[in-house]
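# Chains, contacts and geometry: an overview
In case you want the letters, here they are:
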Amino acid sequence: MSLWKLGPTLLTLVFLQAVYTTAANRNMALKFGKTFDDFVQFTPDMHPVKDSVSICAWFKKQSPADRPGTWFTYWTSSYIYEIVISDNAHNNYMLHGNLDVRSSVTVPQNTWTHYCTTWSSNTRKVYYNGVLVGTKNTQSRSMTLGGFVLLGHDKGSVNEHEIFGGTLFKLNVFTKELSGGEVKEMWKGGLCSRQEAEYGRLRYIKWEDILLEPRNGDVTEVDTGCSAVEWKMQHWNVLYKEAYFNKVFTAGMLEELRSSWDVLEYFVGTNMTDGVIRHFKIFQH
Ligand SMILES: *[C@@H]1O[C@H](CO)[C@@H](O)[C@H](O)[C@H]1NC(C)=O
């Protein structure tokens, strides 16, 4: 078969591939390999964040403790360290200037850590697990545009010690400076909360979209267990149905919900109020 005849077949295959990869499961994390070839790169329009931004994510540090495994780079031709974030509190570059917070933070290995950095009005802040750990002025200018985001290593210095090799989850970029209270809420909500979704369009680069970006080398999706948590959360909502809500929960009702509801046995005899249901949800985290 000549190549030009094969063309449509190949096109169909490419098309099918595209169709099948568009359904990202937002509860998956990305595990990065340990070489310069293992990365995710994309070129977002940074115009909406040129004067204020917040970048938040959950990550697991999996490189040696002293290494600044760098999970986020925003590289532009004028400033190769426009934004650089590492997993050991060393690199927190914003507008090409660093804020090293190692004196106040020790990042544990193989543990989910929540991170946020915010910037507006020439001031940048860094939060670890909901706590503000550093504040510093930046150059007084706007963010340079036209660069690319690279997840997996420091694209500026390209140093082997800065290869991330860890796991990244729910990296979101917001167009506004989140307040300390908002950052704390996001951390308190926990790994599986949907807190970030409440920001609507202010959440400009979304994790579920990053999962659709092309991956280079060894970057694989790994399960966070959040799908199961989400499934359970949705199931608690059954209790808001008229048959159960604001009624004293009986053994008969428990029987109706039996399969996955043994845990409710303890609550037979309790009035199924909003407070009680919310209590279930919290303790299912
Ligand atoms: C349960 O609590 C709700 C709200 O306080 C109340 O309106 C309802 O009457 C209570 N139901 C029972 C059976 O006690």
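Above: the structure in question.
Values in this document were obtained by computation on a predicted structure and should not be read as measured data. Every chain is numbered independently, its residues counted from 1 as its sequence is written. This being a predicted model, a pLDDT of at least 70 is required before a residue's local features are given, and a value of 80 or more before pairs of side-chain atoms are given or counted; all residues contribute to the totals for chains, interfaces and linings. For the side-chain quantities, the full set of heavy atoms in the structure was used; hydrogens and water were omitted.

### Comments concerning the overall build of the chain
By the criteria applied, helices consist of DSSP H or I runs no shorter than four residues and strands consist of E runs no shorter than two, each listed in order from the N terminus. Each helix and strand in the chain was counted, giving six helices and 14 strands. For every residue, the accessible area obtained with a 1.4 Å probe (protein chains only) is divided by the maximum for its type, and the residue is called buried under 20%, exposed over 50%, and partly exposed between those limits. The buried share of the chain, reckoned over its 285 residues, is 45%. Considering only contacts within the chain whose residues lie at least 6 apart along the sequence, 68% involve residues at least 24 apart. By definition in these notes, contact holds between two residues if any of their heavy atoms fall within 4.5 Å.

### Examining the environment of Pro214
With respect to the helices and strands, Pro214 occurs in the loop between helix 3 (207-210) and strand 13 (215-216). For Pro214, a relative accessible area of 57% puts it in the exposed group. It is 9.1 Å that separates the C-alpha atoms of Pro214 and Phe39, two residues lying 175 residues apart in sequence. Discounting residues that sit within four places of it in the chain, Pro214 has contacts with Val40 and Gln41.

### Things to note about the site of the ligand
For each residue, the test is whether any non-hydrogen atom lies within 4 Å of the molecule or strand; if one does, the residue is near. Neighbouring the ligand are the residues Asn246, Val248, Asn271 and Thr273. Definition of a polar contact: a pair of N or O atoms within 3.5 Å, with one able to donate and the other able to accept a hydrogen when the atoms are protein atoms, and with sequence-neighbouring residues admitted only if both atoms are side-chain atoms. The separation between a nitrogen atom of the ligand and a polar main-chain atom of Asn246 is 3.0 Å. Surface accessibility follows the Shrake-Rupley procedure with a 1.4 Å probe radius. Residue values consider only the protein chains on display as shielding. When the free accessible area of the ligand is taken as 360 Å², the share hidden by the protein chains comes to 38%. All residues other than Ala, Val, Leu, Ile, Met, Phe, Trp, Tyr, Cys, Pro, Asp, Glu, Lys and Arg, Gly among them, are scored as polar; the first ten of these are nonpolar and the last four charged. In terms of residue class, the shell around the ligand is made up of one nonpolar, three polar and no charged.

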